[in-house]
Amino acid sequence: MQITSPAFKANARGALADPHLQEALGHVRSGFIDKRQKAVDALPEFDALRDSARAIKDHTLAHLDLYLEAYEEKVKAAGGRVHWAETAADARSLILDICRAAGARTVTKGKSMITEEIGLNEFLEKEGIRPVETDLGEYIIQLRGEHPSHIIAPAVHLTKNQVEADFRRAHHHLPPTRDLSEPASLLSEAREVLRAEYFAADVGITGANFLVAETGSSVIVTNEGNGDLTQILPRVHIVVASIEKIVPTLADTSQILRVLARSATGQDMSVYTTVSTGPRRAEDPDGPEEYHVVLLDNGRSSMLGTEFQDMLRCIRCGACMNHCPVYHAVGGHAYGWVYPGPMGAVLTPSLIGVDKSGHLPNASTFCGRCEAVCPMHIPLPKMMRHWREREFARGLNPAAQRYGLKAWAFFARRPRLYHLAASFAIPALSAFGGAQRRFRYLPFAGGWTKHRDLPAPESRTFLQQWRDREAGKQEART
Amino acid sequence: MRQETLKRPRVGLFVTCLVDLFRPTVGFASVKLLEEAGCEVEVPMAQTCCGQPAYNSGDREDAIAIARNTIETFEEFDYIVAPSGSCAGMLKKHYPTLFKGDPWEERAAAFSAKVHELMSFLVDVMGMEAVSAAHEGSVTYHDSCSGLRELNIREQPRRLLGSVSGLKLKELKDADVCCGFGGTFCVKYPDISNKIVEEKAVNIKASGAETLLAGDLGCLMNMAGKLQRQGADIKVRHVAEVLAGMDDGPAIGGGGR
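Residues numbered from 1 in each chain as written. Chains lettered and ligands numbered in written order. Predicted model: local features only at pLDDT ≥ 70, side-chain atom pairs only at ≥ 80, totals over all residues.

Enquirer: What should I look at first to understand the overall build of chain B in this one?
Expert: Regarding its fold elements, chain B presents 14 helices and eight strands. For 257 residues, the compact-globule estimate of 2.2 N^0.38 gives 18 Å, and chain B sits close to it at 18 Å. Each of the three principal axes of chain B carries a C-alpha extent, and together these read 50 × 50 × 25 Å. Across the 257 residues in chain B, those meeting the buried criterion constitute 62%. Put simply, 75% of the contacts in chain B that link residues at least 6 apart link residues at least 24 apart. (Helix = DSSP H or I, 4+ residues; strand = E, 2+ residues; numbered from the N terminus. Rg over C-alpha atoms; globule rule 2.2 N^0.38 Å. Buried ≥ 20, exposed ≤ 12 C-beta atoms within 10 Å, placed from the backbone. Contact = placed C-beta atoms within 7 Å.)

Enquirer: I would appreciate a short explanation of the overall build of chain A in the present structure.
Expert: When its secondary structure is counted, chain A shows 23 helices and twelve strands. Seen along its three principal axes, the alpha-carbon backbone of chain A occupies a region of about 100 × 60 × 45 Å. For chain A, the proportion of its 478 residues judged to be buried stands at 47%. In chain A, 75% of the contacts between residues at least 6 apart in sequence involve partners at least 24 apart.

Enquirer: I would appreciate a short explanation of the environment of Gly 51 of chain B in the present structure.
Expert: Its place among the elements puts Gly 51 of chain B in the loop between β2 (40-42) and α4 (52-55). On the basis of neighbour count, Gly 51 of chain B is assigned to the buried category, with 29 C-beta atoms found within 10 Å. Placed 27 residues apart in sequence, Gly 51 of chain B and Pro 24 of chain B show a C-alpha to C-alpha distance of 20 Å. When neighbours within four sequence positions are excluded, Gly 51 of chain B is seen to be in contact with Ala 412 of chain A together with Asp 62, Ala 63, Ile 66, Ala 67 and Met 90 of chain B.

Enquirer: Please explain the interface of chain B and chain A as it appears in this structure.
Expert: Facing 58 residues of chain B, the contacting portion of chain A comprises 50 residues. The set of elements that each furnish at least two residues to the side of chain B that touches chain A consists of α2 (17-22), α3 (24-36), α4, α5 (60-74), α9 (145-151), α11 (185-188), α12 (190-207) and α13 (217-229) of chain B. Among the residues forming the side of chain B that touches chain A, the class breakdown is 29 nonpolar, 17 polar and twelve charged. (Nonpolar A, V, L, I, M, F, W, Y, C, P; charged D, E, K, R; others polar.)

Enquirer: Help me understand the sheet that holds strand β6 (residues 165-169) of chain B in this model?
Expert: The strands that make up a sheet are held in pairs by hydrogen bonds between backbone atoms, and each pair lies either parallel or antiparallel. All names here are of chain B. In spatial order, the strands read β6-β5-β7-β8; together these four strands make up an open sheet with parallel pairing. The open sheet terminates on both sides in strands that have one partner only, identified here as β6 and β8 (235-238). The average angle at which neighbouring strand axes cross in this sheet is 35°, direction not considered. Bridge count between strand β5 (residues 134-141) and β6: four bridges; the pairing is parallel. Within the sheet, the bridge partner assigned to Val 139 lies in β6 and is Leu 169. (Pairing = 2+ DSSP bridges. Axes fitted to C-alpha atoms, helices over the stretch in contact; angles between N-to-C directions.)

Enquirer: Looking at this structure, how should I read helix α20 (residues 399-412) of chain A?
Expert: Every α-helical turn comprises 3.6 residues, leaving residues that sit three or four positions apart pointing alike. Relative to the 20 Å expected for 14 residues at 1.5 Å per residue, α20 of chain A spans 20 Å between its end C-alpha atoms, a close match to the ideal helical length. Among all positions of α20 of chain A, only Leu 405, Ala 409 and Ala 412 of chain A are buried. Here the buried residues of α20 of chain A occupy an arc of 55° about the axis, which is enough to place them on one side. Facing away from the buried side of α20 of chain A, by more than 90 degrees, are the exposed residues Ala 399, Ala 400, Tyr 403, Lys 406, Ala 407 and Phe 410 of chain A. Buried residues along α20 of chain A sit in contact with α21 (415-433) of chain A together with α4 and α5 of chain B. (Expected span 1.5 Å × (residues − 1). Arc of directions from axis to C-beta.)

Enquirer: So what exactly am I meant to see when it comes to the packing of α5 of chain B against helix α6 (residues 85-98) of chain B here?
Expert: If you want to describe how two helices pack, look at the angle between their axes and the distance between the axes. Residues and elements named next belong to chain B. Axis separation between α5 and α6 bottoms out at 10 Å; the angle between their running directions is 115°. Considering the relative orientation of α5 and α6, their crossing is left-handed. When α5 is examined against α6, the residues Arg 60, Ala 63, Ile 64, Ala 67 and Thr 70 are found in contact with a partner set consisting of Leu 91, Tyr 95 and Leu 98. Here the residues of the contact of α5 with α6 sort into six nonpolar, one polar and one charged. (Left-handed = near helix turned anticlockwise from the far one by under 90°.)

Enquirer: I keep staring at the pairing of strand β2 (residues 106-109) of chain A and nothing clicks. Help me out?
Expert: Successive residues of a regular strand alternate their side chains across the two faces of the sheet. All names here are of chain A. Sheet analysis places β2 next to strand β3 (residues 130-133), joined by four bridges and oriented parallel. Residue pairing for β3: Val 107 is matched across the bridge by Pro 131. Examined bridge by bridge, β2 and strand β4 (residues 203-206) share three bridges and lie parallel to one another. Paired with Val 107 across the two strands is Val 203, which belongs to β4.

Enquirer: In this structure, what is going on with the domain arrangement of chain A? I would like to understand it.
Expert: What the domain assignment reports for chain A is domain 1 (43-298) and domain 2 (400-477). A separation of 56 Å is found between the C-alpha centroids of domain 1 of chain A and domain 2 of chain A. (Domains from an automatic or database assignment.)

Enquirer: I keep staring at the packing of helix α8 (residues 136-144) of chain A against helix α9 (residues 160-170) of chain A and nothing clicks. Help me out?
Expert: Residues and elements named next belong to chain A. Two numbers describe how α8 lies on α9: the axes approach to 10 Å, and their chain directions differ by 65°. The way α8 lies across α9 gives a crossing that is left-handed. Taking contact as the criterion, the partners of Ile 140, Leu 143 and Arg 144 in α8 are, on α9, Val 163, Asp 166 and Ala 170. Grouping the amino acids of the contact of α8 with α9 by side-chain chemistry returns four nonpolar, no polar and two charged.

Listed below in structure tokens is the structure:
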């Protein structure tokens, strides 16, 4: 996937000027937030569950090597195979080898951000293998040649009318008079089309919400059941997952599941929670003949032991972006790579480098709502600040910003000089503000006055006035 | 046993750079409220800014230098109070992280333990339940992010506003959603900031209140600037101005009539 994060500002301007996108984003602002709040309010132990979910992941990350090895043993014991991939390219070629060995021409896919991260669809297409997305949102954006704009609602940037137009364009074998005015009719049409694909597919690829060390199982949660059909019907099932998806036990999994769907969509549980352990056994009624797990690192192990380790607790619920005023304003594509919103602002620099994604940790008001709703208590603003520190240390932010900051700090570090300068500048600025008491334009304040007036200083500074007042009191006493 | 009969607590007022430069009325209102609550208030001249612009821009070196000056200037007081959730949050929650593993660590922790935001100090520490002010008219209240989420300031200003005679509080829809100020964010990403404050302005106008209040001058200047650019007839003030009965002068940016 092409990285456009360096053009974040231009992306954002485009997003702000796009009326369809702005209409669609209105639904994010209302829907997700209310539903999550209701679900949380209905579960008194929600905060206690968050604490225990965090503890489970912290423990796992502290012993990640042990749990990964234990997991691999269990997968093998169940008749599956684990393939270790250090980089995205390694993962792609491992997956290609498995597909080639299976003689695959069509691959069905469950919703998976990790395959977005490794750019799997474009790669398979180039290699002559046709990937078919089976999650409704993913299916829609595949028709449009786009990428997800949200980690759990990939097509959230689109309006219903846009989807209807895409379906009429792509499904030209269906009668043009059919009714597509309701989301339900769009869903059943997609199901109709996808049904044939499930049976045609030679390989099914899914991600994983959890990998369970205790049993060697992979767990996915979905609302459409497409994941089950993707992993059960083809002859070969490939799970693609990053190393931090591991949890020790099924009991741990169920603990974290209790916060996952509530944080994501406000459901108590997703409609389907599917646990897969190895290929089909003799007594199983169905299932794949081969079960492969491609375990991806792609930079995660180098986050361990750093100030960014906490990010590896992320369970990809999307609550941070659902509550982010910046995400609400510009949507997910503006962030310019796979992961948008606050979690993307922390994770993306770790994965593709802060030199390419420096805007992301900066484009936050630090309002703290993301951290407040994160089910895993990830200190997102704190970690964005850590990225800003690294950028500052490497001189990556714009020179004008750096010099402006240094000039201000020069005064802020020297109280006498600061107050002397302020005692001249502030009364002058106050007088300049005139009877209006505000500025419509002010040199060097264009970033502010482009969109809003700047209130003028009231009069002299507070400290000037206070000093005079105290001196007056002193005089009165003597 | 009331505390002031023994000894009036000595409060150092950290006035904040924005109040010092742009809105001295908030400083005087803070002093008045603190004195009404039974405190002895001093304003050290060696204060400048809490250092947040440096801290949030990744410039730790300057942030630490500014923090050292603030701690040295204020550590002698019983309490340090700031009329801003954002600056108080910086002093209380973030200064200790700047000195982790540093010889100043304990000193910073002792300082931070004495820091309070004004509303929280009046209600939670001094037990203030009512003020003597009057305000004829309706107000709405925006919860600034740092105060709300770092310092749990939500009920305190509302409780005190409830005691102002004549004042009618009309709750703001999405009062807990950011106004788009975000410190340097608003000038680094002006178009996004504008979109966020536009949404806020829609809700402020829909509240039908004559006056908008909040506890942070940065947010207030942002919202006032937007409302005034739109020509809205809504006055904008710091909550301390109303609680101290010092709301007869021009509003922030001179807005409203």
